[in-house]
Each structure stands twice: as C-alpha cells, then as structure tokens.
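Here is how the chains run, residue by residue.
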Amino acid sequence: MKITKIETFRQQVELTEPFKISFRTITAVDTLIVKISTDAGLVGFGEASPIEQVTAESVDTEQVALDFFADLLVGSDPCAIEALHTKMDSALAGHTAAKAGIDIACFDLLGKQAGLPLWKLLGGNANQIVSDVTLGIESPEKAAQDAKKWVAQGFTELKLKVGVDDASDLATVKAVREAVGPDIDLRLDANQAWTAKHTIHMMAQFGDLVSAVEQPLPADDTRDLALVRANIDQQLMVDESVHSAKDALKIVADGGADLINIKLQKSSGLWGAEQINAIAESAGVNTMLGCMLETKVGLTAAAHFVAAHKNVHFADLDGFLTFKAPAWLHGGFENDGGVFTLSDEPGLGMTIDL
Ligand SMILES: [Mg+2]
C-alpha cells in the first residue's frame, strides 16, 4: 500500500460553554483533521490539535508542517510506521501535533488493512475504558453544581483545574467533595502554576480530599519533582514535563513521578505513546492518556491505546463533552457516563465526512 495524497482540513469546533484553566479561557477551537488516501482505496483519518502553551505549536504552524509532510510522504508505505516517523523526524524537528495527525491516520489505515479495531491491533482484549471528566476553574458553587451533574451522568472520576487563587481552590475542592460524596475520585491539575514549596503547602491542606496532583511545577522544573513527591501524601503526575520517551526516562530514573500523563499530541502519536508507556511500566510508574481540546478523532485513538494497555490506569479523554457535536464526525466510541465502549469496526472505527 502506498500513500497517494495527504490532505488537511481546518475545522472549527464550538464549546458548549467557556473553559478556564490556569493560563487561558477558551470558547471555540480550531483543529486539523488529516486525511490520508492510498492506492489500495483505503482512507485513514488523524487529528493534529496543538495547544501553543504546551507544545509551542499552533494550528497555523501545524498546517504548514502537515503540508510539508504531505509532499515528503506521498509514495511511502503508511504501514511502515517507524520508517515514517524516522522520515518526519529527520526532515523536521518538533511539530509533534502534526506528526500525531499523520501517525493516527496511518494506524487507522493499518487497522483497516488488517480488518481489526485499533484496540485489538495494539494487543488489547477489551473494548471498554473509564474516563474522568475535567472541570475548569470556576467558583466553588458552579464547580460543585457541575460536579454533581457529571456524577449523575455516571462519571466516577473528576479532575479539577486549580492554580489561580489558593483560597478559591481550597473552597472549590471542599465544595466539590461535599457535593459528590466520598466515593468519587478527585484529582487536581495545577498546570505549572506552583513552586515546589507551594505545592507541598497546598497538598497538605487538600489532604485526603484528593488523590493526585498533576503538573504542579513548571514544565522545565524537573529537578524538584522527587522532592515534592517525597513530601506530599497524594500521587504526583507529570504532564507538560514529558513529551518524549527521553523525558520520561529521565523523570522515572530520578523518582520524579507516580504517574505520567501521555498525550498523543505531545508524543507524535501512538508510536511515541508506546515508548513512553513502556518506559513508565518498566519503572513501575502507571500512565494516563490525556487530551488537548481534540475532537473524537484524536480522542478515539487515545481511547484505543488505553483499552490495549494494562499500565494505563487512567483516561482523561473528555474533550468531546465540551464541544457541540460536529456533523461531519460519526462513530469511534459510545459513552455511558465515564464508561466508553469502542467500536469493533476496523481502525479507529469512525466515519468522517471530509
Ligand atoms: Mg494536564
């Protein structure tokens, strides 16, 4: 099989309500849907969905990178995934979101050629996963109300964004815990907002209200991770500090994390995710699959990865819940609250009208 054409479609998706995290508020997002056509008549889809503050890439830069890769990769075998990554990496450093778009579309093609859903192709034996849902930074009252709504819909794990105002963060977590009761797992994500000292101080105050904190320190402050981990009772997860297998290796070797948040947009897709997860698993560190503000195309690829790997303990693949459902996108997975059931159709198991 040979790639005959790579096209990119810039799609705007509206959020159902504004979403606030420590460094910005979002109302709509643009994302790039990648379509790879082949001489076998099979078509694969992927998604490139960058967040500037995380990968230093924008939809504009990734559009340029994807146009470049389109010229570079026409004529290549889409099933030779390692060879494709080698080609892309030798030609252009970085641009992990564009590479993820290509990677996901090629895995979609690989599944379609094999007649297998990705969760099976990647070695899994079950098609269900459990995802959390993330609450943006809101007033304690609004957060408690939203948390109750999600729990009533069947979610059992909630992730709360924090890091703007300490008093408000504490009040919000207390209000949410009170609203949802003792059995719902609450995790925090501070998105690089705190110092080591401040993290230790804050986590002592949160106590057993929460089970984990994600990326409290700036992405490049990996030196203090082990210190923080030794001085908090909750689990420490890293996100923005880990983009590649090399990042993961350094952090687990230093004892700097209990959990790693893998995102396909950071890891150049499923190929890089496999490497990070393998390093984490070897070090006894579990992983989570997280997401950017992606549509179900990127989320479905990540959900297949979760279903296929026992070391992936958590999923934070809720992006689609905050979007108005795009009319051009069908299939992937169905969700009943936090339980996502993947399709048995080959590849991603999606139909995309683009
Ligand atoms: Mg995060």
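Within an unreviewed UniProt entry, the label attached to the protein chain reads Dipeptide epimerase, and the organism entered is Lacticaseibacillus manihotivorans DSM 13343 = JCM 12514. Under Sequence similarities (unreviewed entry), UniProt gives the following word-for-word description of the protein chain: "Belongs to the mandelate racemase/muconate lactonizing enzyme family."

Per the UniProt record, "binding site: Mg(2+)" (unreviewed entry) is found at Asp189, Glu214 and Asp239. Separation in sequence by 51 residues is not matched in space for these annotated residues, since their most distant C-alpha atoms are only 9.3 Å apart. Its place among the elements puts Asp189 in strand β7 (residues 185–189). In this structure Asp189 touches Lys159, Leu160, Lys161, Val162, Glu214 and Gln215, once residues within four positions along its chain are discounted. At a separation of 3.4 Å, a polar atom in the side chain of Asp189 contacts the side chain of Lys159.

On to the coordination of the magnesium ion, then. At the metal site, the magnesium ion is ligated by Asp189 (OD), Glu214 (OE) and Asp239 (OD), and these contacts range over 2.1 to 2.3 Å. All donors to the magnesium ion come from one chain, and their sequence spacing reads D-x24-E-x24-D. Pair noted here: Asp189 is in strand β7 and Asp239 is in the loop between β9 (235–238) and α10 (245–253), with a separation of 50 residues, a long-range link. Asp239 shares its class with Asp189; the two are buried.

Across a sheet, paired strands are connected by hydrogen bonds in the backbone, their directions being either parallel or antiparallel. Strand order in this open sheet of three strands is β1-β2-β3, and the pairing throughout is antiparallel. Each edge of the open sheet carries a strand with a single partner, namely β1 (3–21) and β3 (43–48). Direction aside, neighbouring strands of the sheet carry axes that sit 20 degrees apart on average. Bridge count for strand β2 (residues 24–38) against β3 is six bridges, and the pairing is antiparallel. Considered in β3, the bridge of Val34 is made with Gly46. Lying over the sheet, helix α2 (residues 59–73) contacts β1, β2 and β3, oriented at roughly 160 degrees with respect to β1.

This part covers the nonpolar core. Soluble globular proteins tend to bury their nonpolar side chains together. Counting residues in each nonpolar core, the largest one holds 99 residues, and the members touching the most others are Ile102, Leu158, Ile260 and Leu317. Lining this core are residues from two domains, each supplying at least three of them: domain 1 (3–114) and domain 2 (120–352).

It is at 11 Å that the axes of helix α3 (residues 81–91) and helix α4 (residues 96–114) come closest, and there the two elements cross at 165 degrees. By the angle between their directions, the pair α3 and α4 is classed as roughly antiparallel. In the packing of α3 onto α4, the handedness of the crossing is right-handed. From α3, Ile81, Leu84, His85, Met88 and Asp89 reach across to α4, where they touch Lys99, Ile102, Asp103, Cys106, Phe107 and Leu110. Residue classes in the contact of α3 with α4 are distributed as seven nonpolar, one polar and three charged.

About the thresholds
Residues numbered from 1 in each chain as written. Predicted model: local features only at pLDDT ≥ 70, side-chain atom pairs only at ≥ 80, totals over all residues. Heavy atoms only, no water. UniProt positions renumbered as here; feature names shortened; annotations may be inferred. Helix = DSSP H or I, 4+ residues; strand = E, 2+ residues; numbered from the N terminus. Contact = heavy atoms within 4.5 Å. Polar contact = N/O pair within 3.5 Å; in protein donor to acceptor, adjacent residues only side chain to side chain. Donors = N, O, S within 2.8 Å, 3.2 Å for Na, K, Ca; no water. Buried < 20%, exposed > 50% of the residue type's maximum accessible area, 1.4 Å probe, protein only. Pairing = 2+ DSSP bridges. Axes fitted to C-alpha atoms, helices over the stretch in contact; angles between N-to-C directions. Core = buried A, V, L, I, M, F, W, Y, C linked by side-chain atoms within 4.5 Å. Domains from an automatic or database assignment. Parallel < 35°, antiparallel > 145°, perpendicular 65-115°, else oblique. Left-handed = near helix turned anticlockwise from the far one by under 90°. Nonpolar A, V, L, I, M, F, W, Y, C, P; charged D, E, K, R; others polar.

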